[in-house]
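Each chain, letter by letter, is given below.
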Amino acid sequence: MFRTTLFALTACLLQFASTATAQEKFSSITGPLDVTPVAKSEPIQVPFITWGGDAATFYANGGLDTKPDSIYGKAGLKLKLTPGDDFVQQVKDYMGGKSPFLRGTMRMLGQASEVIGKDPRTKPVILLQLSWSAGDHIVSREGLKTLNDLKKDGKKAKIACQQGGPHVGLLYDALAAAQLTNQDVEIVFVDDLTGPNGAAEKFRTDPSIDACCVITPDMIGLTGGVDSAGTGAEGTVKGAHVLVSTQNMSRSIADVYAVRHDWYEANRDKAEKFVAGYLQAAVQVKKLRDDFEKSQRLSPEYRNLLTQCQTIFGEEVLPTLEVDAHGLLLDCNFVSLPGQIAFFEQSGNLSGYNSKMTAALDLATKWGYATSRRGFDPSGFDYRKIAKLANIEYVEPSRIVQAEGVMEFPDDDFDDDTIVSFTISFEPNQTDFSVDRYGAEFDRALQSASTFGGAAVVIRGHSDPTKTLVQLLKAGIEKGIIRRTGQQGSYKYFLNTQNGSNELDLGQTPALVKLIKTGAFEGAADSPLQTMQAALNLSHARAEQVKQAIVNYAEKKGVNVNLSQLQPVGAGIADPVVSKPSSMAEAKQNMRVEFRIVKVNPETLTESDFDF
């Protein structure tokens with residue numbers, strides 16, 4: 001996404017940042033601020049940032065100044081939209097009464113929460129969620145495959161990230177998914193979101209940086225594309241690839257508008273008209289955007305909107321209309337009226353208002369932006385009234401929070417598509433999974449399904465291969481296919497073939513599975529093929545049982561997530577932790593269920609895919 005200047009400004013925010021790793025309280029960044037009543041004169045100053053979701057604000061207002069025939073003009077509002085990429089300046093204007101509005105993300109508001117929530121007059125009322133991001137990424141070097149690798153074998157990954165911007169929240173969520181914190185990695189804060197002082201350039205020029213948090217243009221510049229790896233040519237970094245993206249972590253960054261509490265109490269009607277106008281505009285902007293996607297023909301109205309965005313954000317940010325300006329809007333998942341209701345009112349929504357506020361305050365206090373928790377208030381709007389004001393149909397949200405891209409089953413090759421994973425272990429033949437014992441893991445799975453709305457949560461059951469191995473050897477010796485030498489505790493096995501005798505490596509599970517599938521060992525008292533199939537069935541049943549236990553748990557707790565994201569599969573003995581267990585303790589390591597957050601892109605193809 002192009003949050004470019006957006007928080008590039010946060011340069012101010014980051015006067016202290018440079019490439020520092022120390023955290024500074026937000027109050028230290030702003031300095032002392034006095035609270036002044038909001039100016040009563042119109043127009044009302046409303047900040048915007050460089051993001052596709054703000055295109056709907058431009059559309060509703062008819063430009064930076066309210067046009068009489070615009071949506072806001074007809075509603076009787078008189079607004080002046082002003083650049084708000086400098087979030088510190090936004091906070092100063094807000095506290096000083098220059099503007100009652102703040103434009104940021106839930107996490108940015110969280111970082112400023114101690115400053116803006118100290119006085120009851122300036123406590124934020126969250127009016128509107130504009131969008132979810134689908135255009136922010138964490139790019140890593142070749143050696144880092146999953147989020148789990150950010151701390152591996154005691155080594156902390158070094159991650160470049162803009163201080164105070166939207167990527168702080170993205171990084172917080174990514175680390176949390178791997179059950180890591182900022183203490184488990186080394187964060188190198190940089191001044192800007194992009195450009196020479198941004199994280200991408202730091203990653204490119206400093207080989208000690210293992211990963212960086214970047215916007216889409218920088219991601220493409222480093223990797224060549226979201227599904228590519230840099231080759232080292234044309235400015236890319238060899239081996240650089242996307243570790244995680246908001247295309248998968250689609251419920252991480254929530255863009256919002258907030259207003260001061262004192263202004264809201266005195267101007268609730270204007271607040272309602274502002275939100276209704278935005279939602280009405282968003283419907284029309286989405287239609288214009290989607291029509292262009294289908295026809296590839298710019299309608300005059302859409303051309304005007306894209307031109308308006310290009311003029312406001314600058315041609316250096318949006319050089320072209322059809323690619324850059326349109327791409328800016330494509331990176332934005334507008335939140336419709338039902339989504340608005342789901343965010344603010346739906347109980348059990350793990351990516352809803354209460355959850356996001358809690359996470360924002362957790363970040364602020366745990367990472368040192370604040371020492372106390374000072375939350376926000378929701379608007380409490382009557383959305384039937386808002387729908388009427390917006391002249392749009394009132395539609396209740398689905399009880400289940402919808403997710404993107406999970407209707408297609410991921411490829412079998414999970415290793416290449418896994419974003420993060422975790423495991424729970426079981427007893428032999430166990431298929432009963434109690435909430436008392438596994439509640440923490442179930443909570444983690446549900447939170448993952450909610451945050452990673454554009455990914456699948458694969459529940460992959462595994463079985464121990466010991467019994468199959470024993471039957472393979474026993475049957476092979478009986479049939480004269482396998483020969484054993486040595487003594488107890490140090491046996492060696494050899495496979496007799498037409499070309500002689502080769503040592504059988506019991507640690508090579510894939511080769512052994514292939515050997516068993518030939519059927520050459522059948523006919524003995526015990527069938528390794530049947531035992532292997534039984535192990536596969538057990539692993540699948542184990543995964544199914546875990547899924548059902550999570551579903552029951554979610555229903556009991558009233559958690560609303562798209563449970564179709566939970567996809568059980570059985571791996572059988574194919575991927576053991578210990579290939580040749582030598583004790584019950586080692587065998588139990590194989591009796592497990594693995595949770596993998598897996599990228600889903602049903603249109604990702606390679607040349608070999610066309611050989612059918």
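Criteria and thresholds
- Residues numbered from 1 in each chain as written.
- Predicted model: local features only at pLDDT ≥ 70, side-chain atom pairs only at ≥ 80, totals over all residues.
- Heavy atoms only, no water.
- Helix = DSSP H or I, 4+ residues; strand = E, 2+ residues; numbered from the N terminus.
- Expected span 1.5 Å × (residues − 1).
- Buried < 20%, exposed > 50% of the residue type's maximum accessible area, 1.4 Å probe, protein only.
- Contact = heavy atoms within 4.5 Å.
- Pairing = 2+ DSSP bridges.
- Axes fitted to C-alpha atoms, helices over the stretch in contact; angles between N-to-C directions.
- Bend = angle between axes of the 7 residues up to and from the residue.
- Core = buried A, V, L, I, M, F, W, Y, C linked by side-chain atoms within 4.5 Å.
- Phe/Tyr/Trp six-rings, centres within 6.5 Å; stacked < 30°, edge-to-face > 60°.
- Lys NZ or Arg CZ within 6 Å of the ring centre and 35° of its normal.

A. Quick look at helix 21 (residues 466-478). Taking 1.5 Å of rise per residue, the 13 residues of helix 21 would be expected to cover 18 Å, and the 18 Å separating its terminal C-alpha atoms lies within 8% of that figure. Buried within helix 21 we find Thr 468, Leu 469, Gln 471, Leu 472, Leu 473, Ala 475 and Gly 476. As for helix 21, its buried residues are in contact with strand 17 (482-485), strand 18 (492-497), helix 22 (509-517) and helix 23 (528-557). Of the residues one or two after helix 21, Gly 480 is the one with positive phi, at around 75°.

B. A look at the sheet that holds strand 8 (residues 158-162). Spatial strand order, 9-8-10-5-11: five strands in an open sheet with mixed pairing. Every other strand in the sheet has two partners, leaving strand 9 (186-190) and strand 11 (241-245) as the edge strands with one partner each. Across the sheet, the axes of successive neighbouring strands diverge by a mean angle of 30°, strand direction being ignored. Bridge analysis of strand 8 against strand 10 (residues 211-215) gives two bridges, and the strand direction is parallel. Pairing of Ala 160 across the sheet is with Cys 212, part of strand 10. Strands in contact with helix 11 (residues 216-223) are strand 5 (136-140), strand 10 and strand 11; relative to strand 10, the strand with the most contacts, it is inclined by about 130°.

C. Molecular detail of helix 20 (residues 435-451). The largest bend along helix 20 measures about 35° and falls at Glu 441. In this fold, the buried residues of helix 20 make contact with helix 9 (166-177), strand 15 (418-425), strand 16 (455-462), helix 23, strand 20 (566-570) and strand 21 (592-599).

D. Geometry of the sheet that holds strand 15. In space, the four strands of this open sheet follow the order 15-21-16-20, with mixed pairing throughout. Both outer strands of the open sheet, strand 15 and strand 20, are each paired with one neighbouring strand and no more. When the angles between neighbouring strand axes are averaged without regard to direction, this sheet yields 20°. Bridge count between strand 16 and strand 21: eight bridges; the pairing is antiparallel. For Ala 456, the partnering residue across the bridge sits in strand 21 and is Val 598. Against the sheet, helix 20 engages strand 15, strand 16, strand 20 and strand 21, with an angle of about 165° to strand 15.

E. Region of interest: the nonpolar core. If you look at the biggest cluster of nonpolar residues, it comprises 84 residues, and the most contacted ones within it are Leu 127 and Phe 274. In terms of residues, this core owes the most to one element, helix 13 (residues 268-295), which gives 11 residues. When neighbours within four sequence positions are excluded, Leu 127 is seen to be in contact with Phe 101, Tyr 257, Ala 258, Val 259, Tyr 264, Ala 271, Phe 274, Val 275, Gln 340, Phe 344, Ser 379 and Phe 381. Membership of the second largest hydrophobic core comes to 60 residues, among which are Ile 253, Trp 367, Ile 419 and Val 546.

F. Local environment of the packing of aromatic side chains. What the rule picks out here adds up to 21 aromatic pairs. Between Phe 343 and Phe 344 the ring centres are 5.0 Å apart and the planes differ by 90°, which places this aromatic pair in the edge-to-face class. Considered together, Phe 343 and Phe 344 belong to a single accessibility category, that of buried residues. Among the aromatic side chains, those forming a connected cluster through ring pairs are Tyr 72, Phe 101, Tyr 257, Trp 263 and Phe 274. The positively charged end of Arg 484 is found above the aromatic ring belonging to Tyr 491, 4.0 Å away from the centroid.

G. Here's a closer look at the environment of Arg 303. If you trace the backbone, Arg 303 turns up in helix 14 (residues 300-313). Classification of Arg 303 as partly exposed rests on a relative accessible area of 38%. For Arg 303 and Ala 325, which are 22 residues apart along the polypeptide, the C-alpha to C-alpha distance reads 9.8 Å. The contacts of Arg 303, once residues within four sequence positions are left out, are Leu 298, Leu 321 and Glu 322.

None of the figures reported here should be taken as evidence of function without further support.
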